[in-house]
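Analysis of the macromolecular model
Okay, here's what each chain looks like letter by letter:
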Amino acid sequence: MANTRKYLIAGNWKMNKTAADAEELIKSIVLELGDKNGVGVVVCPPFTSLESSAKVLSEVSNVQLGAQNMHAKPSGAYTGEISAAMLRQLYVSHVILGHSERREYFKETDEEINEKVLAALESNLKPILCVGEKLDEREAGNTLKVVETQLLGGLVNIPTEKAEQVVIAYEPVWAIGTGKTATPEMAQEVHGVIRVLLRDRFGKATGDKIRILYGGSMKPENADGLLAKPDIDGGLIGGASLDAKSFVKLVESAAKAGA
Ligand SMILES: O=C(CO)COP(=O)(O)O
């Protein structure tokens, strides 16, 4: 066993699957997964599929539901946005925040992401806070600096007693959807630094409980090496989460790593 934290495999479906397609995929995942337990499993379909997904999952205890974003304000004149309370009512337990695609295409800043993390915790949603460097930042030797700024920026004002609810996802932007994965050593180097920053920020006991997922072209063929590393506590999976068999294989890899 690489560590004592419970592994988590989360699927980020991004802007894929209509509600009907989502229902089919969730059913296939549930079937493929059976009653396997011991690893946290979260699926994050688009907003439009949350309600039908929640219905399918209402009788399943080993798969949780996540959203891909939310607004920091509880309600108001924010056309097109979704609040934490709206997600909670659909039995959503997790929410991905600060994904690099939102930072890049929707210009989300660390400050806005931090407001969302605080609002999510306030509503008892578990934020999956994403951090990660772009290729030019890595090539310039700035990886750790970028990750530290995004991490600490996203965690401003988070009370220590709530910090355990937070999940961190390290997703090097150059590895997302490109088929290029960070080697286990490259990923562990960054995860190890994130662990030290979390211990500094929240104390060792809490810092050691926070899960740090790896994301970026993670698939069944490369998962074992990554999940064997001491500070890699699971995965945030894009492409490979859209296929029930490969997603469940990743859950099995995590179960093996945690055994
Ligand atoms: O962005 C990701 C998950 O949030 C990773 O996507 P891929 O697994 O498709 O590279």
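Residues numbered from 1 in each chain as written. Predicted model: local features only at pLDDT ≥ 70, side-chain atom pairs only at ≥ 80, totals over all residues.

**Some words on the site of the ligand**
The environment of the ligand is made up of 14 residues, and the closest members are Asn12, Ile176, Gly215, Gly238 and Gly239. Its residues assigned to classes, the shell around the ligand shows five nonpolar, eight polar and one charged. (Near = placed C-beta within 6 Å. Nonpolar A, V, L, I, M, F, W, Y, C, P; charged D, E, K, R; others polar.)

**Observations concerning the UniProt feature "binding site: substrate" (unreviewed entry) in the protein chain**
As recorded in UniProt, the sites labelled "binding site: substrate" (unreviewed entry) are Asn12, Trp13, Lys14, Gly177, Ser217, Gly238 and Gly239. For the residues just named, distributed over 228 residues, the greatest C-alpha separation is only 13.9 Å, placing them together at one site. The topology assignment puts lysine 14 in the loop between strand S1 (8-12) and helix H1 (19-33). Residue placement: serine 217 occurs in the loop between strand S7 (211-214) and helix H11 (220-227). With residues up to four places along the chain from it excluded, the contact list for serine 217 reads Ala175, Thr178, Gly179, Lys180 and Thr181. (UniProt positions renumbered as here; feature names shortened; annotations may be inferred. Helix = DSSP H or I, 4+ residues; strand = E, 2+ residues; numbered from the N terminus. Contact = placed C-beta atoms within 7 Å.)

**Description of unusual backbone geometry**
Look at lysine 14: it is not a glycine, yet its phi comes out positive at around 55°. You will see that asparagine 124, though not glycine, has its phi angle at about 60°, which is positive. By the element assignment, asparagine 124 lies in the loop between helix H5 (110-122) and strand S5 (126-131). By C-beta crowding, asparagine 124 is classed as exposed, having 11 other C-beta atoms within 10 Å. (Buried ≥ 20, exposed ≤ 12 C-beta atoms within 10 Å, placed from the backbone.)

**Side note on the UniProt feature "active site" (unreviewed entry) in the protein chain**
With numbering matched to this structure, UniProt assigns "active site" (unreviewed entry) to His99 and Glu171. What stands out for the annotated residues spanning 73 residues is how close their C-alpha atoms remain, the widest pair being 8.4 Å apart. Take histidine 99: it is sitting in the loop between strand S4 (94-97) and helix H4 (100-105). Residue class for histidine 99 comes out buried when judged on the 28 C-beta atoms lying within 10 Å of it. By secondary structure assignment, the location of glutamate 171 is in the loop between strand S6 (167-170) and helix H9 (184-202). What makes glutamate 171 buried here is the crowd of 26 C-beta atoms within 10 Å. Discounting residues that sit within four places of it in the chain, glutamate 171 has contacts with Ser100, Cys130, Gly132, Ile176, Gly215, Gly216 and Leu236.

**Description of helix H7 (residues 143-154)**
Taking 1.5 Å per residue, twelve residues should reach 16 Å; H7 reaches 17 Å between its end C-alpha atoms and fits that length. The inward-facing, buried residues of H7 abut H5, S5, S6 and H9. (Expected span 1.5 Å × (residues − 1).)

**Things to note about the pairing of S6**
The alternating pattern of S6 places Val167 and Ala169 on one face and Ile168 and Tyr170 on the opposite face, and all of these are buried. Of the strand pairs in this sheet, S5 and S6 are connected by four bridges, and their pairing is parallel. The partner of isoleucine 128 across the bridge, within S6, is valine 167. Of the pairings in the sheet, the one linking S6 to S7 comprises four bridges and is parallel in character. Looking across to S7, one finds that alanine 169 is bridged to leucine 213. (Pairing = 2+ DSSP bridges.)

**Here's the deal with the nonpolar core**
Judged by nonpolar contacts, the single largest core of 69 residues is most densely connected at Ile9, Val95, Ile128, Ile168 and Tyr170. Residue contributions to this core peak at six residues, all from helix H12 (residues 244-258). Apart from the residues within four sequence positions on either side, isoleucine 128 is in contact with Ala10, Gly66, His94, Val95, Ile96, Leu97, Val167, Ala169 and Leu236. (Core = buried A, V, L, I, M, F, W, Y, C linked by C-beta atoms within 7 Å.)

**What about the environment of valine 156?**
Take valine 156: it is sitting in the loop between H7 and helix H8 (160-163). In this structure the C-alpha to C-alpha distance between valine 156 and glutamate 111, which are 45 residues apart in sequence, comes to 8.6 Å.

**Some points on the packing of H1 against H12**
At a closest axis distance of 9 Å, the pairing of H1 and H12 adopts a crossing angle of 45°. Classified by the angle their axes make, H1 and H12 are oblique. Considering how the two elements wind past one another, H1 and H12 form a crossing that is right-handed. Across the interface between the two elements, Leu25, Ser28, Ile29, Glu32 and Leu33 of H1 pack against Ala244, Lys245, Phe247, Val248 and Val251 of H12. Taken together, the residues of the contact of H1 with H12 sort by class into seven nonpolar, one polar and two charged. (Axes fitted to C-alpha atoms, helices over the stretch in contact; angles between N-to-C directions. Parallel < 35°, antiparallel > 145°, perpendicular 65-115°, else oblique. Left-handed = near helix turned anticlockwise from the far one by under 90°.)

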